[in-house]
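# Observations on chain architecture
Residue strings, one per chain:
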Amino acid sequence: MGLAVAAVVMLVGAVSACGEDSDDSGDGQSSVPYGARTCSDWAGRMDESERWDAAEELLINAKGTDGTDGDRAPSTSVIEQFAVDMGAMCDRKASDDFLAVVADELYASNAVYYSL
C-alpha cells in the first residue's frame, strides 16, 4: 500500500510540474529581454509596469551606444516621456519591429532631450 501511495504522489507531482510556466502570465515573455520583444508585445502583451521597466532599460542601452552616460539612470520624467514616445513610435512601426531598434531610433532622433 505504501508503494502505491508513493507512486501516486510522484505522478501527481510530475503532472503538476509539466503544467508550470516560468512566469506568472503564462505567455513566456518574462524570459525574453526587452530589446528582443516587439512592438506588438509593447502594445498588447506588456503591462504598464513592464513598459516602464522596458523604457528605462532600453533608454539606458540606447544612451550607451553613443557613449552618452549609458550607465546613468535617466530621471523619472524622461523615462515616462520615453515610454510614451516608444508607444507612439511602435504605433507607426511594424508590429514585429524589435523594441531595441525602435528605442535606438527614438533616442537618436532626440538624444539631447533623452540625455537629461
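This is a predicted model, so every value here is computed, not measured.

Helices and strands together make up the secondary structure of the chain, namely 6 helices and 0 strands. Going from N to C terminus, the chain has its helices and strands arranged as α-α-α-α-α-α. Within the chain, buried positions represent 30% of all 116 residues. When contacts within the chain are restricted to residue pairs at least 6 apart in sequence, long-range pairs at least 24 apart make up 55% of them. As displayed, the chain has an accessible area near 6,900 Å², and 57% of this comes from carbon and sulfur atoms.

Considering every residue of the chain, the mean pLDDT works out to 77; 69% of them sit at 70 or more. Predicted confidence for residues 1–26 stays below pLDDT 50, and this span has 7 contacts to residues more than four positions away or in other chains.

Let us now look at helix H3 (residues 48–65). For H3, which comprises 18 residues, the first-to-last C-alpha distance of 26 Å matches the rise-based estimate of 26 Å (1.5 Å per residue) to within 8%. Taken together, the buried positions of H3 are Arg51, Ala54, Ala55, Leu58, Leu59, Ala62 and Lys63. Angular distribution of buried residues about the axis of H3 spans 155°; they occupy a single face of the element. A side-chain oxygen of the first residue of H3 lies 3.1 Å from the backbone nitrogen of Ser49; this N-cap is Asp47.

Another aspect to go through is the nonpolar core. Counting residues in hydrophobic clusters, the biggest one holds 22 residues, and the most contacted among them are Trp42, Leu58, Phe82, Met86, Leu99 and Tyr114. It is helix H4 (residues 76–92) that provides the largest number of residues to this core, a total of 7 residues.

To continue, consider the environment of Ser95. Structurally, the position occupied by Ser95 is in the loop between H4 and helix H5 (99–109). Judged by relative accessible area, Ser95 falls into the partly exposed class, the value being 47%. Note: C-alpha distance between Ser95 and Asp41 (54 residues apart in sequence) is 8.2 Å. In this structure Ser95 touches Thr38, Cys39 and Ser40, once residues within four positions along its chain are discounted.

Let's shift gears to the state of the cysteines. Overall, the coordinates contain 1 disulfide when judged by the stated rule. Cys39 shares a disulfide with Cys90; S-S distance 2.2 Å. Looking along the S-S bond of the Cys39-Cys90 disulfide, the torsion reads about -70°, which is the left-handed sense. Linking Cys39 in helix H2 (residues 39–45) with Cys90 in helix H4, this pair joins segments that are 51 residues apart in sequence. Like Cys90, Cys39 is buried.

So, how was this worked out
- Residues numbered from 1 in each chain as written.
- Predicted model: local features only at pLDDT ≥ 70, side-chain atom pairs only at ≥ 80, totals over all residues.
- Heavy atoms only, no water.
- Helix = DSSP H or I, 4+ residues; strand = E, 2+ residues; numbered from the N terminus.
- Buried < 20%, exposed > 50% of the residue type's maximum accessible area, 1.4 Å probe, protein only.
- Contact = heavy atoms within 4.5 Å.
- Areas by Shrake-Rupley, 256 points an atom, 1.4 Å probe, with all protein chains shown as cover.
- pLDDT = per-residue confidence, 0-100.
- Expected span 1.5 Å × (residues − 1).
- Arc of directions from axis to C-beta.
- Polar contact = N/O pair within 3.5 Å; in protein donor to acceptor, adjacent residues only side chain to side chain.
- Core = buried A, V, L, I, M, F, W, Y, C linked by side-chain atoms within 4.5 Å.
- Disulfide = S-S within 2.5 Å.

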